[in-house]
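Listed below, chain by chain, are the residues.
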Amino acid sequence: MFYSLKTTIPNYLCDRHDTLSMWGLARIFQEAADQHSASSGIGFAQLSQDNKAWVLSRVYYKVERLPREGEEVTITTWSRGTDGLFAFREYTLCAADGTRLVSGSSYWVIINYLERKAVRMHDLMDGFEYHPDLATDRETLSRVRVPRQATEPQAVDQFHVKPSMLDHNNHVNNAEYIKWVFDNLAPDTLKDTHRDFRFIIEYFQETPPDDTVSVFRIPTDGATYFQIANSRSVAVTAVLE
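It should be emphasised that the depicted structure is a prediction, and the values quoted were computed from it without experimental measurement.

A. View of the side chain of Arg89. Residue placement: Arg89 occurs in strand β4 (residues 86–95). Buried and without a salt bridge, Arg89 has Asp34 as its closest oppositely charged side chain, separated by 8.8 Å. Side chain to side chain, Arg89 and His36 meet in a polar contact 2.9 Å long. At 2.8 Å, the side chain of Arg89 and the side chain of Thr77 are in polar contact. Sequence-distant contacts of Arg89, defined by excluding residues within four places in its chain, comprise Ala33, His36, Ser37, Thr77, Trp78, Gly104, Ser105, Ser106 and Trp108.

Next up, the structure:
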C-alpha cells in the first residue's frame, strides 16, 4: 500500500534561505511513516501498548532540490518488505507538477524497550502490503564506514542534550543528528546546500536526556564524514556526498 500526504512546506521547517532544511525533511518523512504505520495498526500508539517502538537504523537521502517555503508537495511512502529484524521503507517528495525532488530509502527495526531487544518483523507485519519499487538508486544500504585513509576526525561541536531534542521514546530524535551534521559543515562544503547531493546516516545507539554529545567531522576527497558520539560510544556515522 502506498501512502501519500499532500502538504505545503511550512516556514518553521525551513532555513535562512526559506528552503526546507534537512532536519525539516527528516521530520516530514517521519510523519509520513508514522501515519502510514498507524493506518495499518502498527504505529507508535499501537506498539507502545506492548512496550514496543519503531527505531530508525539507516537512511539514504537523494536530493535533487529541496523545496521552498510555501511550495506544495506530495510525500509518498511505502514498505518494500522485511528481512529478519529489518523493515525497508521508501519515500519520495514531489513538486506539484510531479517532479521528484527528494527520494529516500531506510531500514527500521522494532524494539521492546523494556527488554532492550529487537523484535522479528514477521509476526508484527504479517499481512502488511509490500511494494518492491525502489525510490532511490540503492537497493541495499551498506554500513557507513569512514575510509581508513581519512584524516584525523576534527572535533567541531560539543553540548548537553536538551529536552527539546528528545522524542516520545525519551531519547534524541533521529532528525536532531541530521541538524547537528548540517550545522557543522565546513564553509563551502556545499556552495548550494539545496540541490544535487546524497546523504547517508546510520544510527547505532540511542542518546538519553542530559547526556553529552560530541560532533566530529572527517573530510575526504569527494565526501565529508561525520561521527556523533555520546558519553558511551559513537551513536551515529554519516556521510555527505
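And the narrative resumes.
B. Structural context of the nonpolar core. With 57 residues, the main nonpolar core has Met22, Tyr61 and Phe199 as its most contacted residues. Among the elements that make up this core, the one with the highest residue count is helix α1 (residues 22–39) (eight residues). Other than its neighbours up to four places away in sequence, Phe199 contacts Met22, Val59, Tyr60, Tyr61, Ile178, Val181, Phe182, Ala238, Val239 and Leu240. In this structure, Tyr60, Phe88, Val144 and Tyr225 belong to the second largest nonpolar core, which totals 10 residues.

Rules of the game
- Residue numbers restart at each chain and count upward from 1, following the sequence in its written direction.
- Where totals are concerned, whole chains, interfaces and linings use all residues; where local detail is concerned, this predicted model gives features only for residues with pLDDT of at least 70, and gives and counts side-chain atom pairs only at 80 or more.
- Side-chain descriptors were evaluated using all non-hydrogen atoms of the structure, hydrogens and water having been removed beforehand.
- The numbering of helices and of strands both runs from the N terminus, where a helix is a DSSP run of H or I of at least 4 residues and a strand a run of E of at least 2.
- Note on classification: 1.4 Å probe, protein chains only; a residue is buried when its accessible area is under 20% of the maximum for its type, exposed when over 50%, partly exposed between these limits.
- Charge convention: Lys and Arg are scored as positive, Asp and Glu as negative, and His as well as the terminal groups of each chain are ignored.
- Criterion for a salt bridge: a side-chain nitrogen of Lys or Arg within 4 Å of a carboxyl oxygen of Asp or Glu.
- Each polar contact in these results corresponds to two N or O atoms within 3.5 Å; when the atoms are within protein, one needs to be able to donate a hydrogen and the other to accept it, and residues that are neighboring in sequence are counted only if both atoms are side-chain atoms.
- Any two residues whose heavy atoms approach within 4.5 Å at even a single point are treated as in contact.
- Nonpolar cores were defined as sets of buried Ala, Val, Leu, Ile, Met, Phe, Trp, Tyr and Cys residues, with membership established by side-chain atoms within 4.5 Å.

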